[in-house]
Amino acid sequence: MSTVERTEVAYEVGRLGVRLNSTDGPRQVLREISFDVAAGEIVGIVGRSGVGKTTLLRVLGGLLAPSSGTVILGDQAVHGPPADVVVVFQDYDNALLPWRTVERNVALGLESTLPRRERRARVEWALRLVGLEGRGGEYPRRLSGGMAQRVQIARALAVRPTVLLMDEPFGALDALTKSALQDVLLNIHGETRTTIVFITHDLDEAIYLSDRVLVLAGAPGTITEALPTGLPRPRDQLATRELPGYLRVRHQLGEALRADHG
Ligand SMILES: Nc1ncnc2c1ncn2[C@@H]1O[C@H](COP(=O)(O)OP(=O)(O)OP(=O)(O)O)[C@@H](O)[C@H]1O
Ligand SMILES: [Mg+2]
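What counts, and where the lines are drawn
- Residues numbered from 1 in each chain as written.
- Chains lettered and ligands numbered in written order.
- Predicted model: local features only at pLDDT ≥ 70, side-chain atom pairs only at ≥ 80, totals over all residues.
- Helix = DSSP H or I, 4+ residues; strand = E, 2+ residues; numbered from the N terminus.
- Contact = placed C-beta atoms within 7 Å.
- Buried ≥ 20, exposed ≤ 12 C-beta atoms within 10 Å, placed from the backbone.
- Pairing = 2+ DSSP bridges.

1. Points about the environment of Arg58
Then, number 1: Tracing the backbone through its elements, the reader meets Arg58 in helix 1 (residues 53-60).
Then, number 2: Counting along the chain gives 21 residues from Arg58 to Val37, while the straight-line C-alpha distance between them is 16 Å.
Then, number 3: Apart from residues no more than four positions distant in its own chain, Arg58 is found in contact with Leu63 and Leu64.

2. Some points on the pairing of strand 9 (residues 212-217)
Then, number 1: Burial runs high along strand 9: six of the six residues are buried.
Then, number 2: What you see with strand 9 is no split at all: Arg212, Leu214 and Leu216 on one side and Val213, Val215 and Ala217 on the other are buried throughout.
Then, number 3: Of the strand pairs in this sheet, strand 3 (residues 42-46) and strand 9 are connected by four bridges, and their pairing is parallel. Considered in strand 9, the bridge of Val46 is made with Val215.
Then, number 4: Sheet analysis places strand 9 next to strand 10 (residues 222-228), joined by six bridges and oriented antiparallel. Note on strand 10: the bridge partner recorded for Arg212 is Pro228.
Then, number 5: Counting the residues that bridge the hairpin from strand 9 to strand 10 gives four residues, and of these Gly218 lies at a positive phi of roughly 90 degrees.

Next up, the structure:
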């Protein structure tokens, strides 16, 4: 007898299409995109520049209405930004309010929902998750890029989202800071089980972090591959990247993207 494991679905995307206005009239940017994201899953999305990754993430976050198809979060259709979804943008230089301390930046999404004491506890919890405990009193201008990005992630986590959407979260960081923050993200996921959908240009980052990697390709963009990574957790920056399964997925992704360029 086998036990059937019921996986809770976070997102259900069905036959999604997006048309946007360009200078030469309306242009189909995304077409026939269908995929599910399981609750607690980490899904990475890769694809060439301009293929429509940010556009897809904006649709998932309810920031852009699709021209066709459906996006269902839990059991509700997405029309506008859902309360339990938070988006982390790539441009962390402009994401923080310079006149507010780190602590008050992190508290930004909590001010109308939590009383002061709980807010303070929540902010401390979020800063600890990203390894910035004790830094709450500083101002953004005194932070390095990596630290500013941690603050943005802490702010996102402070509202205890069910889903975290991230657009190239570590794209602008140096290699060492990037791998440190990848591990911060994996630890956070281990602790909170937040569903994470993120975009990256970096195939290795996609495989290292994800349960599944989706390839967005073509024009208009559509999902051409959905590869489960099948890698054990906890992951390790050296050992995981040397596993045969890792290299196999790396090869498949490389071919899928090469085909899209060719
Ligand atoms: N608001 C908009 N209005 C019209 N066209 C847009 C708009 N936003 C994006 N586009 C176009 O849609 C296409 C996809 O853009 P998108 O930003 O989603 O790509 P991307 O895959 O995120 O690229 P990159 O990797 O460079 O960030 C591009 O051709 C872009 O010019
Ligand atoms: Mg983009």
